[in-house]
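Structural description and commentary
Chain by chain, the residues:
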Amino acid sequence: MAKTPDAAMALCMKVWKAAVARAREEIADMQKVADAEKAGHKIEPWDYRFYAEKVRKAKYDLDQNEVKPYLQLDKMREAMMWAAGQLYGLSFVQVHDVPVCQPDVTVYEVMRDGKHAGLWYFDPYARDGKQSGAWMNEYRTQENLQQPVAPIVSNNANFVKASGAVLISWDDARTMFHEFGHALHGLNSSVHYPSLAGTSVKRDFVEFPSQLNEHWLTTPEVLNKFALHYQTGAPIPAALLAKVEKAKHFNQGFSTVEYLAAAIYDLKIHTAPADKPIDATEFEQRTMKEIGCPPEIVMRHRPTQFGHIFSGDGYSAGYYNYLWADTLTADAAEAFAKAGFYNKQLAKRLYDSIMSVGNSIPPDEAFRRFRGRNVDTNALMRDRGFPVG
Ligand SMILES: [Zn+2]
């Protein structure tokens with residue numbers, strides 16, 4: 001979607017400056033802690049996580065164990081489905097006459113306006129031999145080529161099965177909404193050609209619907225209805241939510257700098273003149289110097305272990321794509337924050353211009369149809385708590 005290396009680099013450098021400034025504040029906070037403890041040294045890269053954790057405890061004290069009793073796996077699944085009903089008019093009815101690979105897997109018929117719209121498989125539990133992590137899969141792609149074919153998609157996770165309520169962390173709840181966003185991208189697809197359906201979009205666009213869907217977890221409608229204490233049924237307290245919200249900005253300088261240093265290096269080495277050999281070490285040192293990478297932070301993937309820059313064309317120079325998708329997400333989320341997250345008109349526009357079109361419309365055009373203009377990169381700066389320059 002970025003179209004040119006220059007466009008990708010321009011976004012990276014815009015965020016870079018603010019991220020470095022924030023990282024310097026974080027380093028100063030850590031240095032204060034080290035000095036108060038009479039550590040007698042300057043913060044070095046190998047000290048970063050140790051002191052960051054001390055700062056986190058002091059400034060952003062969020063205990064995940066306080067949050068977990070309010071986040072039941074089943075309730076979060078219901079919450080995702082409920083929000084999808086509000087936004088896209090989808091309803092989910094569990095069915096038992098569809099084969100599953102494992103008895104833990106549940107299947108839901110997805111209906112839109114009373115009509116069959118697809119199947120959603122949910123495979124939440126860890127077991128021997130299962131891939132780790134959480135992901136969305138597509139078993140059958142939507143198409144309308146010769147006849148209408150409805151999509152069949154799945155969400156998969158690795159929660160530990162319990163005899164009672166399965167309690168999950170805030171990050172896990174967010175991941176569930178994220179992966180369900182990919183599933184909704186597949187389920188809402190309404191295109192002619194299967195090769196253009198659902199999630200078959202550009203890499204710097206595919207994380208946009210999923211990241212955007214994370215925002216519905218934090219809506220009061222979802223939290224008050226579904227984030228209920230597993231024993232008392234009380235909704236999650238506002239004071240606890242405020243802590244969760246505050247913790248969002250913790251270490252944003254570090255994580256953005258660490259990521260962007262790698263993304264910028266990636267773009268630079270892919271656009272370097274190919275007429276003479278590149279000394280990888282010298283190139284890395286020169287690049288970090290040129291962009292002014294704080295010496296306290298090491299790039300997330302140094303060249304010697306930056307697997308995907310050498311592992312085929314799936315990524316190539318595309319590590320920037322997370323930042324690009326974050327930008328689209330932040331800007332779209334601001335539109336919902338303004339209109340209301342359950343605003344029917346805006347939800348319909350999201351469906352019409354983004355969720356249903358797959359790759360049948362160029363992504364920049366799709367975004368313009370949704371937002372009425374090009375993406376505003378300042379939205380990302382606001383989302384990360386960086387000053388807009
Ligand atoms: Zn994703």
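Residues numbered from 1 in each chain as written. Predicted model: local features only at pLDDT ≥ 70, side-chain atom pairs only at ≥ 80, totals over all residues.

Describing the overall build of the chain
- In terms of regular secondary structure, the chain is built from 15 helices and 5 strands.
- Against the 2.2 N^0.38 benchmark of 21 Å for 389 residues, the chain shows a C-alpha radius of gyration of 22 Å, consistent with a compact globule.
- Seen through its C-alpha atoms, the chain measures out along the principal axes to roughly 65 × 55 × 45 Å.
- The proportion of buried residues among the 389 residues of the chain is 37%.
- Here the analysis covers contacts within the chain between residues at least 6 apart in sequence; of these, 73% occur between residues at least 24 apart. (Helix = DSSP H or I, 4+ residues; strand = E, 2+ residues; numbered from the N terminus. Rg over C-alpha atoms; globule rule 2.2 N^0.38 Å. Buried ≥ 20, exposed ≤ 12 C-beta atoms within 10 Å, placed from the backbone. Contact = placed C-beta atoms within 7 Å.)

So, the domain arrangement of the chain
- Annotation of the chain at the domain level lists domain 1 (5-60 + 250-316) and domain 2 (68-231).
- Distance from the C-alpha centre of domain 1 to the C-alpha centre of domain 2: 34 Å. (Domains from an automatic or database assignment.)

Details of the sheet that holds strand β3 (residues 115-125)
- Taken in spatial order, the 5 strands of this open sheet run β1-β2-β3-β5-β4, and their pairing is mixed. Each edge of the open sheet is held by one strand with a lone partner, namely β1 (90-95) and β4 (135-140). For this sheet the average axis-to-axis angle between neighbouring strands, irrespective of direction, equals 30°.
- One ladder, built from 5 bridges, connects β4 with strand β5 (residues 152-159); its direction is antiparallel. For Arg-140, the partnering residue across the bridge sits in β5 and is Ile-152.
- Strands β1, β3 and β5 of the sheet are contacted by helix α4 (residues 73-88), whose axis makes an angle of about 140° with β1.
- This element, helix α5 (residues 170-187), spans β1, β2 (106-112), β3, β4 and β5 of the sheet and lies at about 170° to β5. (Pairing = 2+ DSSP bridges. Axes fitted to C-alpha atoms, helices over the stretch in contact; angles between N-to-C directions.)

A few points about the environment of Gly-292
- Looking at the secondary structure, you find Gly-292 in the loop between α10 (280-291) and α11 (307-310).
- A count of 10 C-beta atoms within 10 Å places Gly-292 in the exposed class.

Considerations on the packing of helix α9 (residues 252-271) against α10
- It is the contact of α9 with α10, at a shortest axis distance of 10 Å, that shows an interaxial angle of 120°. One way to sum up the angle between α9 and α10 is to call them oblique. When you trace α9 past α10, the crossing you get is right-handed. Residues Ala-261, Ile-264, Tyr-265, Lys-268 and Ile-269 of α9 pack against Phe-283, Glu-284, Thr-287, Met-288 and Ile-291 of α10. (Parallel < 35°, antiparallel > 145°, perpendicular 65-115°, else oblique. Left-handed = near helix turned anticlockwise from the far one by under 90°.)

Re unusual backbone geometry
- Positive phi is not limited to glycine here, since Lys-3 has a value of about 75°.
- On the secondary structure map, Lys-3 appears in the segment before α1 (5-36).
- A positive phi angle is found at Lys-38, which is not glycine, with a value near 55°.
- With respect to the helices and strands, Lys-38 occurs in the loop between α1 and α2 (48-59).
- In this structure Lys-38 comes out as exposed when scored by C-beta crowding, with 6 C-beta atoms within 10 Å.

Description of the environment of Val-20
- Along the chain, Val-20 falls in helix α1.
- Judged by the 19 C-beta atoms lying within 10 Å of it, Val-20 is partly exposed.
- The sequence separation of Val-20 and Met-136 amounts to 116 residues, and the corresponding C-alpha distance is 34 Å.
- Here Val-20 is in contact with Val-257, Gly-292 and Pro-294, once residues within four sequence places are set aside.

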